[in-house]
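# Structure at a glance
For reference, the chains in residue letters:
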Amino acid sequence: MAQQPIELILLKQWSTYIATPVWIMDLAGDLVFYNEPAEVLLGKRFDEAGELHADELATLFVTTGLDGEPVANKELPVVVALTEHQPAHGELRIQTLDTGEWRQIQVTAIPVEGQGGRHLGAFALFWESASR
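Attention in this report is confined to the structure presented alongside it. (Residues numbered from 1 in each chain as written. Predicted model: local features only at pLDDT ≥ 70, side-chain atom pairs only at ≥ 80, totals over all residues. Heavy atoms only, no water.)

## Comments concerning the side chain of Gln-106
You can see Gln-106 is positioned in strand β5 (residues 102–113). Using a relative accessible area of 16% as the deciding quantity, one classes Gln-106 as buried. Of note is the side chain of Gln-106, whose polar atom sits 3.1 Å from the side chain of Glu-91. For Gln-106, the residues in contact, after removing those within four places along its chain, are His-89, Gly-90, Glu-91, Leu-125, Phe-126, Trp-127 and Ser-129. (Helix = DSSP H or I, 4+ residues; strand = E, 2+ residues; numbered from the N terminus. Buried < 20%, exposed > 50% of the residue type's maximum accessible area, 1.4 Å probe, protein only. Polar contact = N/O pair within 3.5 Å; in protein donor to acceptor, adjacent residues only side chain to side chain. Contact = heavy atoms within 4.5 Å.)

In structure tokens:
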């Protein structure tokens, strides 16, 4: 993948210092990074998964609503932040890549805007929530 804008590079650097899982996507919807706390919830180290094109994400990371029904890609909070340029929040279930275990998570996604109003991508903060 091409060199990232400085704002995404700095966001990636910032995310390595916090204890909350973070997922970062570029303008094209490609996954460019997730931090170590995210690795624990997702079940795979980022170094092993690497940067992934948007069309590969849905096949690798299985996400459903709390009812177990599939969630349309366009309804995922990070996709809403990316495409509609507004923050979004939701509660989802994800299947871990290592054990196949289902985890219930809260997700808050925020668009990334650069200088001059340039839209650069989106990032999501997520954490495991109590099972119902």
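## Considerations on helix α5 (residues 77–84)
With 6 of 8 residues buried, α5 lies mostly within the body of the structure. Turning to α5, its buried residues are Pro-77, Val-78, Val-79, Val-80, Ala-81 and Leu-82. Next to the buried residues of α5 lie β1 (22–26), β4 (88–95), β5 and β6 (119–128). Phi turns positive one or two residues past the end of α5, at His-85, with a value near 55°.

## Here's the deal with a nonpolar patch on the surface
Taken together, the side chains of Ile-6, Ile-9 and Leu-10 present a nonpolar region at the surface, about 280 Å² in accessible area. By the element assignment, Ile-9 lies in helix α1 (residues 6–15). (Patch = residues over 30% accessible without salt bridge, like charges linked within 9 Å, V, L, I, M, F, W, Y side chains within 5 Å. Areas by Shrake-Rupley, 256 points an atom, 1.4 Å probe, with all protein chains shown as cover. Salt bridge = Lys/Arg side-chain N within 4 Å of Asp/Glu carboxyl O.)

## A short note on α1
What α1 keeps buried is the set Glu-7, Leu-8, Leu-11 and Ser-15. Mapping the buried residues of α1 onto a view down its axis gives an arc of 95°, with all of them on the same face. Of the exposed residues in α1, the ones pointing more than 90 degrees away from its buried face are Ile-6 and Leu-10. The elements touched by buried residues of α1 are β1, β2 (31–34), β5 and β6. (Arc of directions from axis to C-beta.)

## Considering the pattern of salt bridges
The tally for this structure, following the rule as stated, stands at 5 salt bridges. Glu-39 serves as the salt-bridge partner of Arg-45, at 3.8 Å between the closest nitrogen and oxygen. Across the pair Arg-103 and Glu-128 runs a salt bridge, and its minimum N-O distance is 3.6 Å. Taken together, the residues span a long stretch of sequence, with Arg-103 in strand β5 and Glu-128 in strand β6 at a distance of 25 residues. Each of Glu-39, Arg-45 and Asp-47 takes part in salt bridges that share partners, so that together they form one network.

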